Amino acid sequence: MLNTFALHQISKPFSLSSPPVPMLYPPHLLRPFSLHFGANVTKYRALFAQLRLPRLCSAMAEMPELMDYLERLKNYERIGVPRGAGTESDDGFDLGRMRRLLGRLGDPHAHFKSIHIAGTKGKGSVAAFISNILRNEGYKVGTYTSPHMLTIRERISIGREGEPVSANLLNNLFLQVKGKIDESVASENGALSHFEVFTALAFLVFSHETVDVAVVEAGLGGARDATNVIRSSELAFSIITSIGKEHLEALGGSLQSIAMAKSGIIKEGRPVVIGGPLEPDIERIIREKAQLLDSPVLSVCHPGVSCSQKQYQVDYERPVQICDIGIEMHNNMEINLQGLKLQMLGIHQLRNAVMATCAALCLRNQGLIVSNESIRAGLEQTCLQGRMQFLTKREASSIGADNISLLIDGAHTEASAKGLSEVIEAVHQDHPLALVVAMASDKDHFSFAKQLLSGRKPDVVLLTEVTVAGGKSRSISALDLKDIWMKAAQDVGIDIFDLDVISPELEEVPNTSRPVFAVCSNTPIRNIIAVASKLIQTRGKRDESGLVCVTGSLHLVSSLLSILHL
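Calculation criteria
Numbers given to residues run from 1 along each chain, matching the order in which its sequence is written. Under the rules for a predicted model, residues below a pLDDT of 70 receive no local features and side-chain atom pairs below 80 are neither given nor counted, while totals for whole chains, interfaces and linings still include all residues. As a rule here, side-chain values cover all heavy atoms of the structure and leave hydrogens and water aside. Elements are defined by DSSP. Helices are runs of H or I of four residues or more, strands are runs of E of two residues or more, and each kind is numbered from the N terminus. Three exposure classes are used, based on accessible area relative to the maximum for each residue type with a 1.4 Å probe and protein chains only: buried under 20%, partly exposed in between, and exposed over 50%. Per-residue and other accessible areas follow the Shrake-Rupley method at a 1.4 Å probe size, with only the shown protein chains counted as cover for residues. For two strands to count as paired, DSSP must find a minimum of two bridges between them. Under the rule applied, a polar contact is a pair of N or O atoms within 3.5 Å (in protein, one hydrogen donor and one hydrogen acceptor; residues adjacent in sequence only if both atoms are side-chain atoms). Helix span, expected: 1.5 Å multiplied by one less than the number of residues in the helix. Directions from the helix axis toward the C-beta atoms define the arc. Working definition of a nonpolar core: buried Ala, Val, Leu, Ile, Met, Phe, Trp, Tyr and Cys residues. They are joined through side-chain atoms within 4.5 Å. Note on contacts: a residue pair qualifies if any of its non-hydrogen atoms lie within 4.5 Å across the two residues. Lining residues are those with an atom within 4 Å of a point, where the points come from a 1 Å grid over the protein atoms alone and group into cavities, where a 1.4 Å probe fits but cannot get out, or pockets, open sets with protein on both sides within 12 Å along at least five of seven lines. Grid points are joined across faces, edges and corners, and a volume is the space filled by probe spheres set on the points. Classes in brief: Ala, Val, Leu, Ile, Met, Phe, Trp, Tyr, Cys and Pro nonpolar; Asp, Glu, Lys and Arg charged; the others, Gly included, polar. Interaxial angles span 0 to 180 degrees and are taken between N-to-C directions of axes, which are lines fitted to C-alpha atoms, for helices over the stretch in contact. Each residue carries a pLDDT value, the predictor's own confidence for that position, ranging from 0 to 100. To count as a disulfide, a pair of cysteine sulfur atoms needs to be within 2.5 Å. The salt bridge criterion pairs a side-chain nitrogen of Lys or Arg with a carboxyl oxygen of Asp or Glu, the two atoms within 4 Å. Two rings from Phe, Tyr or Trp (for Trp, the six-membered ring) form a pair when their centres sit within 6.5 Å of each other. Planes less than 30 degrees apart are called stacked, planes more than 60 degrees apart edge-to-face, and all others tilted.

Focus on the overall build of the protein chain
What the protein chain contains, in helices and strands, is 18 helices and 19 strands. When the 566 residues of the protein chain are sorted by exposure, 58% land in the buried category. Taken as a whole, the protein chain presents about 23,000 Å² of accessible surface, with 48% of it coming from carbon and sulfur.

See below:
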């Protein structure tokens, strides 16, 4: 057994004697949502009829009009988020402009029920788990997440298969409402951002495609995020996955201010599912906000929730983790899932799966049919590109990596580095290891490096650079990153061999048993992997396959995935 744990109670759990949550839905969701929202939906559908918006068409390779328009808007993913932008203060983003934009578009977000997810880590994984559970039950699900890997269309997935929205539908929808967006941009003096406009388009797509449920991931914080326009009447429940130090300055400068920002998605009378374990003072902030709004709290740290990680095994060239999940709580919220095969690896992903299971039971308690079979199938089918993803031999070979294993993971925080380190240690224990790392400039580089160096000691670390949202202004230089990694190595007592700056034509491999650190920038990612492979070839036994792990940034991972999809 690799690891077994139970999620322990942190503070007062949701009371077993609490009154049941009012049902949001009819018992089997058979009546159309127009019966829930009445004239509003009729009015909105009339708008689309007037616009003669086409339904799903064949996919287009390009969306030139939309992409050109978005490029002219302020993109905080590229330039960085201003200090305090996610806080409930004068420095915070103005949610009013998002509401005004949606008002011009007919308030599309009001035409379906939403599950709203915030948190420092785990939002995308929990969103994927929940979406797949509901799709397995037969519901038409809209999912909105960020960032994307290969195309911005990945941020909006729709239907029972969960495919990215087609380029044709998205571009045509944009063209039909462009005049209204132009009016909003003008009236807001150009303040509307790339994220705000695209979020509005996501809501338009969901309404046009008449989704049963939308799973919506917050972009930054919660309280002032563009997604936080969902009102109590439109919300099934909210989820807060975790609280960490990412985007610290934008969210007020402390863990407490981050907790307050993320608890801004809690709505009056609607349940909130919280992850954990959280620090007691952080959980207290969330619970106090929930109590103020009369919102029931469902915590994965409830004593009736347990899970255990049994072992790893390889299925079809990729490792899976075998796990158990058991939940026994109030209002018949019970499930026992033995021998789950999760493609999402690591204890942190098991916790995310537990959170999604709690969410599914919450939906069941609100009147939706969500079977145990659909919960199991949804959890087991979920996998995300670039998140703890082991490439197959064929995929690795396509980029010239024939004699190594290749792992890609967009980890970029201390917590995610810990999860990555645990998986490497469990799955690839003693074989040679190389890390290829690039990071955005606003991350905690030292803590990230120290966490990875504290686990399975790498034989090679190659530092490089990556474009972030189309530019390098937010990427830390490879030389600066190497200096930070060298300080982190010294801090954990690792004596390294500094190879300085190297080129892809590396002719001589240093004869040393010490970990090799080097800069390899302005070089295509496939060539950097080739250098890493060459450097670790001499480290193991002849029949051992080394592991190259590409990490530090989803943008770096995306650059590698783009080669596989050429």
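From this point on, the discussion continues.
What to know about the pairing of strand β19 (residues 546-551)
Two faces belong to every sheet, and in a regular strand the side chains alternate between them. Counting buried positions along β19 yields six of six residues, so the element is predominantly enclosed. Of the two faces of β19, the one carrying G546, V548 and V550 and the one carrying L547, C549 and T551 are both buried. Judged from the five bridges that link them, strand β14 (residues 404-408) and β19 form a sheet pairing that is parallel. In the sheet register, I404 faces β19, and the bridge partner there is G546. Where strand β15 (residues 433-437) and β19 come together, five bridges link them in parallel fashion. Note that in β19 the partner of V436 across the bridge is V550.

As for the side chain of N75
Relative to the helices and strands, N75 is located in the loop between α3 (64-71) and α4 (76-79). Given a relative accessible area of 10%, N75 falls into the buried group. Here E77 takes part through its backbone nitrogen, which lies 3.0 Å from a polar atom of the side chain of N75.

A look at helix α16 (residues 478-491)
For α16, with 14 residues, the first-to-last C-alpha span of 20 Å sits near the 20 Å given by 1.5 Å per residue. Looking only at α16, the buried set comprises A478, L481, K482, I484, W485, A488 and A489. The buried side chains of α16 occupy one side of the element, clustering within an arc of 160 degrees when seen end-on. Facing away from the buried side of α16, by more than 90 degrees, are the exposed residues K487 and Q490.

Considerations on the nonpolar core
One finds I115, I130, L134, I239, I325 and L379 to be the most contacted residues of the largest nonpolar core, which totals 46 residues. Counting residues per element, this core draws most heavily on helix α11 (residues 347-365), which supplies 11 residues. Ignoring sequence-local partners within four residues, the contact set of L379 consists of F129, I133, I325, L337, L340, L342, A353, A356 and T357. In this structure, Y144, I158, A202 and V229 belong to the second largest nonpolar core, which totals 42 residues.

What about the layout of surface pockets?
Of the voids in this model, the second largest pocket is the one considered here, and its volume is about 1,000 Å³. A128, T382, C383, L384 and Q385 are, among the 39 residues lining the second largest pocket, the residues nearest its centre. Taken together, the elements giving at least two residues each to the lining of the second largest pocket come down to α6 (123-136), β5 (163-164), β11 (318-328), α12 (372-381) and β13 (389-390). The element that contributes the greatest number of residues to the lining of the second largest pocket is α6, accounting for six residues. Tallied by class, the residues present in the lining of the second largest pocket amount to 14 nonpolar, 14 polar and 11 charged.

Considering the side chain of D324
Mapped onto the fold, D324 is located in strand β11. A distance of 2.8 Å separates a polar atom in the side chain of D324 from the backbone nitrogen of G339. The residues contacting D324, other than those within four sequence positions of it, are S306, C307, S308, K310, L337, Q338 and G339.

Details of empty space enclosed by the protein
Overall, the coordinates contain two cavities of 30 Å³ or more when judged by the stated rule. Taken as a whole, the second largest cavity spans an internal volume of roughly 30 Å³. Residue assignment for the lining of the second largest cavity shows that the elements contributing at least two residues are α14 (414-427) and β15. Broken down by class, the residue content of the lining of the second largest cavity amounts to four nonpolar, one polar and one charged.

Details of the sheet that holds strand β6 (residues 213-217)
The strand order across the open sheet formed by eight strands is β5-β4-β3-β6-β2-β7-β8-β9, and the pairing between neighbours is mixed. Each having just a single partner strand, β5 and β9 (297-299) make up the two edges of the open sheet. As judged from the three bridges shared by strand β7 (residues 235-240) and strand β8 (residues 272-274), these two strands associate in the parallel manner. Pairing of I239 across the sheet is with V273, part of β8. Helix-sheet contacts for α11 involve β2 (113-118), β7, β8 and β9, and the interaxial angle to β7 is about 160 degrees.

Considerations on the confidence of the model for the protein chain
Detail in the predicted coordinates should be disregarded across regions flagged by low pLDDT. Looking at the protein chain, pLDDT values average 87 and 87% of them are 70 or higher. With pLDDT under 50 throughout, residues 1-60 is counted as low confidence; its partners more than four residues away or in other chains account for 136 contacts.

What about the environment of V81?
The residue V81 is located in the loop between α4 and α5 (95-104) in this model. Under the relative-accessibility criterion, V81 is labelled partly exposed at 31%. Each C-alpha atom, one on V81 and one on L251, is 9.6 Å from the other, the two residues being 170 residues apart in sequence. In this view, V81 contacts Y76, F93, L220 and A250; residues no more than four positions away in its chain are not counted.

Considering the state of the cysteines
Covalent bonding between the sulfur atoms of two cysteines defines a disulfide. Under the counting rule described, the total for this entry stands at zero disulfides. For the unlinked cysteine C323, the closest cysteine sulfur is that of C307, found at 8.0 Å. The class for C323 is buried, based on a relative accessible area of 0%.

Looking at the pattern of salt bridges
Summed over the entire model, instances satisfying the criterion amount to 22 salt bridges. K310 is the partner of D324 in a salt bridge, and the nearest nitrogen-oxygen pair spans 3.5 Å. In this pair, D324 is assigned in strand β11 and K310 in strand β10 (residues 305-315), connecting sequence segments 14 residues apart. Accessibility expressed as a relative area gives 29% for K310, which makes it partly exposed. Among the charged side chains, a network of salt bridges with common partners joins D94, R100 and E188.

A short note on the packing of aromatic side chains
For the structure shown, the criterion picks out seven aromatic pairs. With a centroid separation of 6.5 Å and 35 degrees between ring planes, the pair formed by Y144 and F198 is classed as tilted. With Y144 in strand β3 (residues 141-144) and F198 in helix α8 (residues 194-208), this pair connects stretches of sequence that are 54 residues apart. Here Y144 and F198 have matching classes, each one buried. Ring-pair connections join several aromatic residues into one group, and the members of that group are F112, F203 and F206.

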